[in-house]
Amino acid sequence: MDNYEETLLIEEQQVLSKLLGVHDKNLKLIKSNFNANILLRDNEIKIIGDKKTVDTVCDIIKNVINEIKSEKDITEQKIAYYVEMGKNSSDLDYSELLKEVIVTTASGRSIKPKTVGQKRYIDLINEKDITFGIGPAGTGKTYLAVAQAVNAFRKKEVDRIILTRPAVEAGEKLGFLPGDLQDKVDPYLRPLYDALFDIFGVDNFLKNVEKQVIEVAPLAYMRGRTLDSSFIILDEAQNTTNEQMKMFLTRLGHGSKAVITGDITQIDLPDGKKSGLRSVIKILKDVDGIGFMFFEKRDIVRHKLVQDIIRAYEQYEKKF
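Residues numbered from 1 in each chain as written. Predicted model: local features only at pLDDT ≥ 70, side-chain atom pairs only at ≥ 80, totals over all residues. Heavy atoms only, no water.

*Asks:* Go over the overall build of the protein, please, and point to the residues and values.
*Replies:* Along the backbone of the protein there are 12 helices and 11 strands. Sequence separation of at least 24 residues holds for 70% of the intrachain contacts in the protein that already meet a minimum separation of 6. (Helix = DSSP H or I, 4+ residues; strand = E, 2+ residues; numbered from the N terminus. Contact = heavy atoms within 4.5 Å.)

*Asks:* How would you summarise the nonpolar core if you had to cite specific residues and measurements?
*Replies:* Among the nonpolar cores identified, the biggest contains 34 residues, and Leu-196 and Val-216 are the most heavily contacted of them. When residues of this core are traced back to their parent elements, those giving at least two are helix H6 (116-127), helix H7 (141-154), strand E7 (160-165), helix H8 (181-200), strand E8 (214-218) and strand E9 (230-234). The element best represented in this core is H7, accounting for 8 residues. Not counting chain neighbours up to four residues away, the residues in contact with Leu-196 comprise Val-146, Val-150, Leu-163, Gly-201, Phe-205, Ile-214 and Val-216. Ranked by size, the runner-up nonpolar core spans 29 residues in total, among them Ile-45, Val-54, Ile-60 and Val-116. (Core = buried A, V, L, I, M, F, W, Y, C linked by side-chain atoms within 4.5 Å. Buried < 20%, exposed > 50% of the residue type's maximum accessible area, 1.4 Å probe, protein only.)

*Asks:* Give a description of the pattern of salt bridges that names residues and reports values.
*Replies:* Counting across every chain of the model gives 12 salt bridges. The partner of Arg-109 in a salt bridge is Asp-198, with the nearest N and O atoms 2.6 Å apart. With Arg-109 in the loop between strand E4 (103-104) and strand E5 (110-111) and Asp-198 in helix H8, this residue pair connects regions lying 89 residues apart in the sequence. The exposure class assigned to Asp-198 is partly exposed, which follows from its relative accessible area of 29%. A salt bridge links Asp-235 to Arg-165, with the shortest nitrogen-to-oxygen separation between them at 2.7 Å. Of this pair, Asp-235 sits in the loop between E9 and helix H10 (242-249) while Arg-165 sits in strand E7; the two residues are 70 residues apart in sequence, bridging distant segments of the chain. Neither residue differs from the other here; Asp-235 and Arg-165 are each classed as buried. Overlapping salt bridges, with partners in common, bring together Glu-100, Lys-119 and Asp-123 in one network. (Salt bridge = Lys/Arg side-chain N within 4 Å of Asp/Glu carboxyl O.)

*Asks:* I'd like to hear about the sheet that holds E7, residue by residue, with values.
*Replies:* Strands pair in a sheet through their backbones, by hydrogen bonds, and they do so in one of two ways: parallel or antiparallel. Pairing is parallel in the open sheet, where 6 strands are placed in the order E8-E7-E9-E10-E6-E11. Two strands close off the open sheet at either side, each with one partner strand: E8 and strand E11 (290-294). In this sheet, neighbouring strand axes are inclined to one another by 15 degrees on average, regardless of whether the strands run parallel or antiparallel. Here strand E6 (residues 130-134) pairs with strand E10 (residues 257-262) via 5 bridges, running parallel. Within the sheet, the bridge partner assigned to Phe-132 lies in E10 and is Ile-260. Against the sheet, helix H11 (residues 276-283) touches E6, E10 and E11, its axis set at about 125 degrees to E6. (Pairing = 2+ DSSP bridges. Axes fitted to C-alpha atoms, helices over the stretch in contact; angles between N-to-C directions.)

*Asks:* Just give me the short version of helix H3 (residues 51-71), but keep the residues and values in it.
*Replies:* Taking 1.5 Å per residue as the helical rise, H3 with its 21 residues ought to reach 30 Å, and the 30 Å between its terminal C-alpha atoms agrees with that figure. Taken residue by residue, H3 has Thr-53, Val-54, Thr-56, Val-57, Cys-58, Ile-60, Ile-61, Asn-63, Val-64, Ile-65, Glu-67 and Ile-68 as its buried positions. At the N-terminal boundary of H3, the capping side chain belongs to Asp-50, with an oxygen 3.3 Å from the backbone nitrogen of Lys-52. With its phi angle positive at about 70 degrees, Lys-72 sits one or two positions after the end of H3. (Expected span 1.5 Å × (residues − 1). Polar contact = N/O pair within 3.5 Å; in protein donor to acceptor, adjacent residues only side chain to side chain.)

*Asks:* Break down the layout of surface pockets for me, with residues and values.
*Replies:* Size it by volume and the second largest pocket reaches roughly 370 Å³. Pro-136, Asp-263, Thr-265, Gln-266 and Ile-310 are the residues nearest the centre of the second largest pocket, which is lined by 16 residues in total. (1 Å grid on protein atoms, 1.4 Å probe; cavity = no way out; pocket = protein on both sides within 12 Å on 5 of 7 lines; lining within 4 Å. Points joined across faces, edges and corners; volume = space filled by probe spheres on them.)

*Asks:* Let's hear about the packing of helix H1 (residues 13-20) against H3: which residues, and what values?
*Replies:* H3 packs onto H1 with a crossing angle of 120 degrees between their chain directions and a minimal axis gap of 10 Å. Classified by the interaxial angle, the pair formed by H1 and H3 is oblique. Regarding H1 and H3, the two cross each other, and that crossing is right-handed. In contact with Val-15, Lys-18 and Leu-19 of H1, H3 contributes Ile-61, Val-64, Ile-65, Ile-68 and Lys-69. Partitioning the contact of H1 with H3 into residue classes produces 6 nonpolar, no polar and 2 charged. (Parallel < 35°, antiparallel > 145°, perpendicular 65-115°, else oblique. Left-handed = near helix turned anticlockwise from the far one by under 90°. Nonpolar A, V, L, I, M, F, W, Y, C, P; charged D, E, K, R; others polar.)

Take a look at the structure:
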């Protein structure tokens with residue numbers, strides 16, 4: 001190991017404490033992934049090793065510090081994300097990423113991209129009329145699309161927000177659920193309601209629903225309509241058929257944007273039915289004005305265990 005070294009001075013004790021984590025677990029996580037010595041003395045961190053490794057570890061620690069100062073906190077999962085990006089020699093300058101606020105929730109919380117993948121997704125939505133967000137659970141595909149929709153609505157770039165999902169059964173039959181048709185499909189739409197409640201606030205959301213400027217409905221309700229000046233989100237698109245996907249995409253009217261989200265590893269369609277999302281990747285890959293964002297496991301922003309669970313399932317399924 002070369003004896004190249006860098007020393008980082010961290011003057012704020014609270015920042016240093018959050019950087020280290022409980023029993024120094026954050027620093028240990030970084031150290032365990034790189035062939036470098038990381039030494040702590042008072043409010044100084046010294047990194048010793050070959051120049052490339054030292055530079056990478058310094059970048060990781062600096063970005064963690066920037067996030068602590070910006071967000072007032074840091075999670076073990078975010079530390080792991082920075083480590084993963086560093087190991088893959090990715091650009092670790094997150095200062096601009098952390099500044100971008102998509103929208104502010106009813107409670108005053110700022111919604112920002114948390115990974116490079118999320119930033120690329122937001123940029124695609126801004127640039128393209130139709131954007132596909134494809135990847136595993138927990139990557140923020142739907143929530144960020146809703147945030148973008150609310151942002152466009154507040155800026156008066158669109159007149160309506162329309163959110164839809166295919167009411168595909170995954171384990172229980174619609175007919176066995178209590179209530180009328182709306183009661184039966186509401187459980188399928190619940191994640192969309194939750195995102196809107198969080199960003200708009202319940203009262204504001206309900207007022208906009210009464211004004212018919214926000215609509216949350218099953219995909220079947222989209223047939224035969226032309227949707228002008230609207231921000232339209234199709235969630236769980238892996239559970240559309242080819243016919244349903246084509247029907248949805250051809251609803252797009254003047255001044256509208258559409259975002260289609262889904263996870264092609266979680267298809268609940270009956271045997272023999274082809275996923276419209278899986279097919280559309282090949283059909284529309286070369287069409288101008290359409291963007292595809294493929295999220296990776298490292299873009300998962302839920303609990304760190306979600307990444308581990310998805311990885312374990314992938315390894316298990318490869319054996320069979």
